[in-house]
Amino acid sequence: MRSVFCVVESVELRYNRENDRGIGSDGMKPVIMRNLVIGEGKPKICVPVVGRTLDGILVQVKALRDVEFDVIEWRADFYNLVEDLEAVRVVLREIQKVLPEKPLIFTFRSEAEGGERTLCLEHYMALVKMAIASGYADAVDVELFMGDMEVAELVAEAKKYDVKVIMSSHDFEKTPSEAEIVGRLVKMQQFGADLPKVAVMPHNAADVLILLCATNRMMTEFSNRPVITMSMGGLGLVSRLSGEIFGSALTFASVGEASAPGQIEVETLQKVLDVLHSNK
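Because the structure is a prediction, the values reported are computed rather than measured.

1. Some words on the overall build of the chain
Within the chain, the secondary structure is distributed over 10 helices and 11 strands. Counting all 280 residues of the chain, 56% fall into the buried class. Restricting to contacts in the chain with at least 6 residues of sequence separation, those with at least 24 account for 74%. Carbon together with sulfur atoms contributes 52% to the accessible area of the chain, which is approximately 11,900 Å² in total.

Right, here's the structure in full:
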């Protein structure tokens, strides 16, 4: 994977400083999905659904009816029939029927970024475009490294339908430098992502600090929109809890099977976020 950012004083960041208006917390523009405002107050909680069949997915979704959370993410890469666009559209429809009040994120996570499988680029594009046009997804995940032309095309398509874009980059092997993390977030912002997202794997406490410092720097110096960041695994758990302090606007929790290492149970996460928020 090629580096998108080598030094902090790069052309991209200089461009961002000179041309983006409203950068930093004072100019932050929240992201609104239905009645949910992301980027104000406590980080919002997203619960992934990872079933492999329609019945299994709906069992998980129905179990969320009495759970306190904010956003549901369907991880379509777990779905056995993900190559069937109509079958995927039906799942989106059925999820919305069960939880019509919850914003729904459609995500196909590629194997290269920690997902369950790989699709050819053509089918990946068709899949995300179908989710955008379906009328059931409030946001779609678009992987930054799918290719610049493809990313720009999906962002433009999402804007046509008023669907939000969570642009993502996942590194399950390591934690890149602070400059690299900031650079990826900046690149996503310049592509027009509504919610830039970076997740990395730490090998020690210093790696977790790198992720937190990068998040804080992005939010205080370069960003005019909310971002999502996390350090994965048990070592990085603190990053999932402290978003309100460092600047990550959404965090992920599990109800049953987790979709990524380090996710904790939703009720526990809610309590911790409440404590941090009340003492900020």
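2. What to know about the side chain of Arg225
Mapped onto the secondary structure, Arg225 falls in the loop between helix 7 (205-222) and strand 9 (228-231). Polar contacts involving the side chain of Arg225 include one to the main-chain carbonyl oxygen of Ala193, which spans 2.8 Å. Engagement of the side chain of Arg225 in a polar contact is seen with the side chain of Asn224, the distance being 2.9 Å. Discounting chain neighbours no more than four positions away, the residues touching Arg225 are Met28, Lys29, Gln189, Gly192, Ala193, Asp194, Pro196 and Met219.

3. Notes on the UniProt feature "active site" (unreviewed entry) in the chain
In the numbering used here, UniProt assigns the "active site" (unreviewed entry) feature to His170 and Lys197. Sequence-wise these annotated residues cover 28 residues; spatially they are packed, their C-alpha atoms never more than 8.4 Å apart. With respect to the element layout, His170 can be found in strand 7 (residues 164-171). Each residue touching His170, except ones within four places of it in the same chain, is listed here: Arg109, Glu113, Lys197 and Ala199. Counting through the fold element by element, Lys197 comes out in strand 8 (residues 195-200). Once you skip the residues sitting within four places of it in the chain, Lys197 turns out to touch Arg109, Ile166, Met167, Ser168, Ser169, His170, Leu185, Met188, Ile228, Met230 and Phe252.

4. Observations concerning the UniProt feature "binding site: 3-dehydroquinate" (unreviewed entry) in the chain
Using the residue numbers shown here, the UniProt feature "binding site: 3-dehydroquinate" (unreviewed entry) corresponds to Glu73, Trp74, Arg75, Arg109, Arg240, Ser259 and Gln263. By secondary structure assignment, the location of Arg75 is in strand 4 (residues 71-75). There is a polar contact of 2.8 Å between the side chain of Arg75 and the side chain of Asp77. Summarising the element assignment, Arg109 is placed in the loop between strand 5 (104-107) and helix 4 (121-134). Ignoring anything within four residues of it in the chain, the contact list for Arg109 reads Arg75, Asp77, Gly114, Gly115, Glu116, Arg117, Asp141, Glu143, Ser168, His170 and Lys197.

Rules used in this analysis
- Residues numbered from 1 in each chain as written.
- Predicted model: local features only at pLDDT ≥ 70, side-chain atom pairs only at ≥ 80, totals over all residues.
- Heavy atoms only, no water.
- Helix = DSSP H or I, 4+ residues; strand = E, 2+ residues; numbered from the N terminus.
- Buried < 20%, exposed > 50% of the residue type's maximum accessible area, 1.4 Å probe, protein only.
- Contact = heavy atoms within 4.5 Å.
- Areas by Shrake-Rupley, 256 points an atom, 1.4 Å probe, with all protein chains shown as cover.
- Polar contact = N/O pair within 3.5 Å; in protein donor to acceptor, adjacent residues only side chain to side chain.
- UniProt positions renumbered as here; feature names shortened; annotations may be inferred.

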